[in-house]
Amino acid sequence: MKTALITGINGQDGSYLAELLLDKGYEVWGILKRNSVAENQTARIPDTIYEKLNLVYGDMTDIPSLISVIQKSQPDEIYNLAAQSHVRISFDQPIYTSQVTGIGTLNLLESVRLTNPEIKIYQASSSEMFGNNIDEDGYQREATPMNPVSPYGCAKVFSYNITRNYRNAYKMFISNGILFNHESPRRGANFVTSKVVKEAVKIKLGLSTQLKLGNLDASRDWGHAKDYVYAMWLMLQEDTPDDYVCATGISHSVKDLVEYVFGKLELNWKDYVTIDKKFLRPEELKHLKGDCSKAQKELGWKHKYTFETMLDEMIEDSLKKYKR
């Protein structure tokens, strides 16, 4: 039996990854960052797996806590998913975002190097690292230059580079998954896909009358978190570490997202959607579309969900919740 440690296990990706690893026979440990409302900390972890997990408190800014968890769990694999992951909020909290999302990765690497450098590590990198750099064919891939346009993206570039440095300097097994946007019914309510779906459903049910958004022209390559956590696992089953883009290769605008969700609910979005400047970023990331051919070729990875089936699942889940 392999043992895995997941930082950020109570997030969207962490909860799906925990399910996957348990299905594959792993012993799964997870780090929780304590907050004052304890009952909310594990809300995204299904009841069906909760009792099977070993959950412990720790913090990416606290090296002793990380070392303690590693020594206690003795993992074969570590999946580093912990972060302040909201891009717009990173402009409001740039230092905190840098400390957790950037330096937090370095803290974890040092903790592993000092305890057991043989542990395989997955680092959650992000398409936000590319910023507005796009290759001539309209895609972003592993070789696309990185030029982030947010504190979050900058912190992720630091994490990406420091993991590659540790991989080369100390011969540690560390792979980066450069994941493009991925969503699910477990997505946080302040992320645009979840926000659009939940508010549209509330409008349909007469529980709301308006949806406020920022830039409708921004386009993203949206996939499903279930597909992407499988790619994370595949990366750590390889003989050698490497970096891989995970994406669907299809981009949609926020306007496309709004039109599909409201149309699915038989609503005219123009009657309910307004633009609020507070949701605009100081520097906008205009377009993301990933080329995942390397992951397809070397890992055998392929996404199963489409943009539409992902949103259909989110709409159905929200309808069930708000009809209660």
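All values reported here derive from a predicted model rather than from experimental measurement.

Here is what the cut-offs are and how they apply
- Residues numbered from 1 in each chain as written.
- Predicted model: local features only at pLDDT ≥ 70, side-chain atom pairs only at ≥ 80, totals over all residues.
- Heavy atoms only, no water.
- Pairing = 2+ DSSP bridges.
- Helix = DSSP H or I, 4+ residues; strand = E, 2+ residues; numbered from the N terminus.
- Axes fitted to C-alpha atoms, helices over the stretch in contact; angles between N-to-C directions.
- Contact = heavy atoms within 4.5 Å.
- Buried < 20%, exposed > 50% of the residue type's maximum accessible area, 1.4 Å probe, protein only.
- Right-handed = clockwise from strand over helix to strand, strands pointing away.
- 1 Å grid on protein atoms, 1.4 Å probe; cavity = no way out; pocket = protein on both sides within 12 Å on 5 of 7 lines; lining within 4 Å.
- Points joined across faces, edges and corners; volume = space filled by probe spheres on them.
- Nonpolar A, V, L, I, M, F, W, Y, C, P; charged D, E, K, R; others polar.
- Polar contact = N/O pair within 3.5 Å; in protein donor to acceptor, adjacent residues only side chain to side chain.

Undergrad: Hey, could you go over the sheet that holds strand E3 (residues 54-57) for me, with residue numbers and the actual values?
TA: Taken together, 7 strands build an open sheet; the order of strands is E3-E2-E1-E4-E5-E6-E11 and the sheet is parallel. Of all the strands in the sheet, just E3 and strand E11 (243-246) have a single pairing partner and so form its edges. Shown here is a sheet whose adjacent strand axes are inclined to one another by a mean of 20 degrees, direction ignored. Across 4 bridges, the pairing between strand E6 (residues 174-179) and E11 is parallel. The residue bridging isoleucine 178 from the neighbouring strand is valine 245, located in E11. Where helix H1 (residues 12-23) meets the sheet, its contacts fall on strand E1 (3-7), strand E2 (27-32) and strand E4 (77-80), and the angle it forms with E1 comes to roughly 175 degrees. Across the sheet, helix H7 (residues 151-170) touches strand E5 (120-126), E6 and E11, and the angle it forms with E6 is around 155 degrees.

Undergrad: Break down the pairing of E2 for me, with residues and values.
TA: Of all 6 residues in E2, 5 are buried; the element is thus mostly enclosed. In this structure, E1 lies alongside E2, joined through 5 bridges in parallel fashion. The residue of E2 that forms the bridge with threonine 7 is isoleucine 31. Running through H1, the crossover from E1 to the neighbouring parallel element E2 is right-handed. Of the pairings in the sheet, the one linking E2 to E3 comprises 4 bridges and is parallel in character. Bridging across to E3, tryptophan 29 finds its partner in asparagine 54.

Undergrad: Explain the layout of surface pockets residue by residue, including any values.
TA: Looking at the second largest pocket, its volume works out to about 250 Å³. Taken together, 13 residues line the second largest pocket, and the ones lying closest to its centre are Leu20, Lys226, Asp227, Val229 and Tyr230. Within the residue set of the lining of the second largest pocket, elements represented by two or more residues are H1 and helix H9 (225-235). Across the lining of the second largest pocket, the residue classes tally to 6 nonpolar, 1 polar and 6 charged.

Undergrad: Account for the environment of threonine 309, naming residues and giving values.
TA: Take threonine 309: it is sitting in helix H12 (residues 307-322). Residue classification places threonine 309 among the partly exposed positions, given a relative accessible area of 35%. The spacing of threonine 309 and leucine 267 is 42 residues in sequence and 19 Å in space, taken between C-alpha atoms. Here threonine 306 takes part through its backbone nitrogen, which lies 2.8 Å from a polar atom of the side chain of threonine 309.

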